[in-house]
Amino acid sequence: AATGGYLKYKDPKQPLGARIRDLMNRMTLQEKIGQMVQIERTVATPQVMKKYFIGSVLSGGGSVPSPKATPATWVNMVNEIQKASLSTRLGIPMIYGIDAVHGHNNVYGATIFPHNVGLGVTRDPNLLKRIGAATALEVRATGIPYAFAPCIAVCRDPRWGRCYESYSEDYRIVQQMTEIIPGLQGDLPTKRRGVPFVGGKSKVAACAKHFVGDGGTVRGIDENNTVTDKNGLFGIHMPGYYNAVNKGVATVMVSYSALNGLRMHANKELVTGFLKNKLKFRGFVISDWQGIDRITNPPHLNYSSSLYAGISAGIDMIMVPYNYTEFIDEINSQIKKKLIPMSRIDDAVKRILRVKFTMGLFEEPLADLSFANQLGSKEHRELAREAVRKSLVLLKNGKKKGDKPVLPLPKKTGKILVAGTHADNLGNQCGGWTITWQGLNGNDLTVGTTILTAVKNTVAPTTQVVYNANPDANFVKSGKFDYAIVVVGEPPYAEMFGDSTNLTISEPGPSTIGNVCGSVKCVVVVVSGRPVVMQPYVSKIDALVAAWLPGTEGQGVADALFGDYGFTGKLARTWFKSVKQLPMNVGDKYYDPLYPFGYGLTTKPNKL
Ligand SMILES: O=[N+]([O-])c1ccc(O[C@@H]2O[C@@H](CO)[C@H](O)[C@H](S[C@@H]3O[C@H](CO)[C@@H](O)[C@H](O)[C@H]3O)[C@@H]2O)cc1
């Protein structure tokens, strides 16, 4: 650590600019380069942190200190890494980041909120703000001050494996939902645009991602090319960034995708020219995971030119995440050869320090367990349950026009059937980015309430509930059920593993619909990350509910099915008839959906 007396940069009473200048003047080139490096926790040993002055560490999707790790285990891990950073000459604290994209989703026992595809349906900015605040508390419960959220992609083709991470096909809903940022970070104290702000220990630095046009790739192919003109770019994909910057978002993550053939990680005109210079964004720009390597296809084809392109484009922090010596050696070499000017390095380091100073990381670098009881708290689960209710869309309520509405269902009846692959499956209900990167099947992944359990919690004690994941027609016919709830949909997936050309629900979903709805009055609940093929089944179905990826609080589904709350949600995405129509978004000249954007039937809550 620096020896001797007063160190201006360590004095919180000093103005932010003075602290940054003082520290910058003390830093060696290697200390500056170290601040630009983010490595994965599995390689972040104290030795590596100290030797290379590493400025940031992350958990990749599903990267946890141990299975079902407790807040204490998380806090100890983060603090161990932090102590190494604090023991360096200048003692600059590292910043630990993680994908808390629908609650603190890597962490066992955390509240898992609906994915963004459902939250966009709520059109409720205040709800998003409350979700952000709850998520920040749960992230801080594990000692982490930085979340790679929100994703403000405008998904224009549901064949994209990340469409569920997008709030809507309509940029105006995406703009509204950026209200999660002040929830995560705290309200911006001044009206100065683009000033990164994090309001203390109960808040976290956020990350608007992925800049820009990630949701517009051809045929929704993940990490591919977005072909559009200025209207498409600034009229559809960019608007959310205006709101995010105005709300003081601390960081922006660059998209893997290309724009008209130019990789965003190499796009100086938009990263520096537009985001930094035009929008006056003053936080730091972070690459995506191996984003530099993936400038080329195949990745890492010409690392030196990719590194040059990425740093020159204006990327400040590199999510390496493993080969940090390769990055450090190469950037040193390009600085030495004056390929990369020191002004670029200083811009990057100043931005990183600005965020670290602003969020109080120098004053409170170490975490404690004061927020541990926030993880998966009852209050947060009730908030998630509210979000589930508001995210549901009632698409059909009666077999034929004029039929008596099927929903809300009577709680008191003789016997009901609950069926389907997604009725008693918490992993399917939560989707990707839950405990692991790709998500999991089954019920022991974390703590939550399946839709089946929720139904059992809600019906009258005398109502018999029979569960059969995939009953045959005879079972249904002979069962003398008063009605059936069939819960089907997609398996969990993330990123490129979710890219789909057919958008069909997983077997035996379709046959379960046929077996059940052919014999008894049925409510079909679709659990999916996007609109899926439903047209062939709709005529057999009495009532149809889109539940998206509701997360751990399945009780929210039963709340609406049985009328404790009314259905209010309106589609935030067009529900296509056939994949042959895609891409097809509201406002398109050719628009012939099964259910249009903005559609949703409503029901009144039961009289108390
Ligand atoms: O087995 N394969 O084929 C495979 C493919 C790609 C992989 O690459 C990596 O897998 C994931 C799990 O390690 C990583 O999280 C990222 S994803 C990236 O990571 C950021 C940090 O988590 C998020 O904020 C961004 O929003 C997201 O785009 C990457 O795609 C790993 C394995």
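Rules used throughout
- Residues numbered from 1 in each chain as written.
- Predicted model: local features only at pLDDT ≥ 70, side-chain atom pairs only at ≥ 80, totals over all residues.
- Heavy atoms only, no water.
- Helix = DSSP H or I, 4+ residues; strand = E, 2+ residues; numbered from the N terminus.
- Rg over C-alpha atoms; globule rule 2.2 N^0.38 Å.
- Contact = heavy atoms within 4.5 Å.
- Lys, Arg positive; Asp, Glu negative; His and termini not counted.
- Charge placed at Lys NZ, Arg CZ, Asp CG, Glu CD.
- Buried < 20%, exposed > 50% of the residue type's maximum accessible area, 1.4 Å probe, protein only.
- Phe/Tyr/Trp six-rings, centres within 6.5 Å; stacked < 30°, edge-to-face > 60°.
- Lys NZ or Arg CZ within 6 Å of the ring centre and 35° of its normal.
- Polar contact = N/O pair within 3.5 Å; in protein donor to acceptor, adjacent residues only side chain to side chain.
- Near = heavy atom within 4 Å.
- Areas by Shrake-Rupley, 256 points an atom, 1.4 Å probe, with all protein chains shown as cover.
- Pairing = 2+ DSSP bridges.

Visitor: Just to check I follow, could you spell out the overall build of the protein for this structure?
Guide: Counting its regular elements, the protein contains 21 helices and 17 strands. A compact globule built from 608 residues should have a C-alpha radius of gyration of about 25 Å, and the protein, at 25 Å, falls within 12% of that. C-alpha extents for the protein along the principal axes are approximately 85 × 50 × 40 Å. Across the protein, every contact between residues at least 6 apart in sequence was considered, and the portion connecting residues at least 24 apart equals 77%. The protein carries 71 positive and 48 negative side-chain charges, and their two centres are separated by 4 Å.

Visitor: Even after reading the chapter, I still don't get helix α1 (residues 16-26), so can you show me in this structure?
Guide: An α-helical segment advances 3.6 residues per turn. Residues three or four places apart therefore align on the same side. By the burial criterion, the buried members of α1 are Ala 18, Arg 19, Ile 20, Asp 22, Leu 23 and Met 24. Buried residues along α1 sit against α2 (29-35) and α14 (342-358).

Visitor: Before we go on, may I ask you to explain the packing of aromatic side chains in this structure?
Guide: How two aromatic rings sit relative to each other is given by the distance of their centres and the angle of their planes. This model, assessed by the stated rule, comprises 14 aromatic pairs. Through a chain of ring-to-ring contacts, the aromatic side chains of Tyr 9, Phe 357 and Phe 362 assemble into a single cluster. Between the NZ or CZ atom of Arg 123 and the centre of the ring of Phe 597, over which it lies, the distance is 5.4 Å. The lysine or arginine in question, Lys 209, covers the ring of Trp 433, its NZ or CZ lying 5.9 Å from the ring centre.

Visitor: Is there a simple way to explain the side chain of Ser 255 in this structure?
Guide: Checked against the element boundaries, Ser 255 lands in the loop between β7 (251-254) and β8 (258-259). With relative accessibility at 2%, the residue Ser 255 sits in the buried group. Of note is the side chain of Ser 255, whose polar atom sits 2.6 Å from the side chain of Ser 257. With sequence-adjacent residues up to four places away left out, Ser 255 is seen in contact with His 210, Phe 211, Val 212, Asp 214, Met 264 and His 265.

Visitor: Where do I start with the site of the ligand in this structure?
Guide: As a matter of local geometry, the ligand sits amid 18 residues, with Asp 99, Arg 162, His 210, Asp 288 and Glu 495 nearest to it. At 2.5 Å from an oxygen atom of the ligand is found a side-chain nitrogen or oxygen belonging to Asp 99. Contact distances for the ligand include 2.7 Å between an oxygen atom and a side-chain N or O atom of His 210. Isolated, the ligand exposes 630 Å² of accessible area, and the fraction of that covered by the protein chains is 77%.

Visitor: Where do I start with the sheet that holds β8 in this structure?
Guide: Pairing between the strands of a sheet comes from backbone hydrogen bonds, and it takes one of two forms, parallel or antiparallel. Spatially, the three strands line up as an open sheet ordered β6-β8-β9, and their pairing is mixed. Looking at the sheet topology across the chains shown, the edges are occupied by β6 (225-226) and β9 (262-263).

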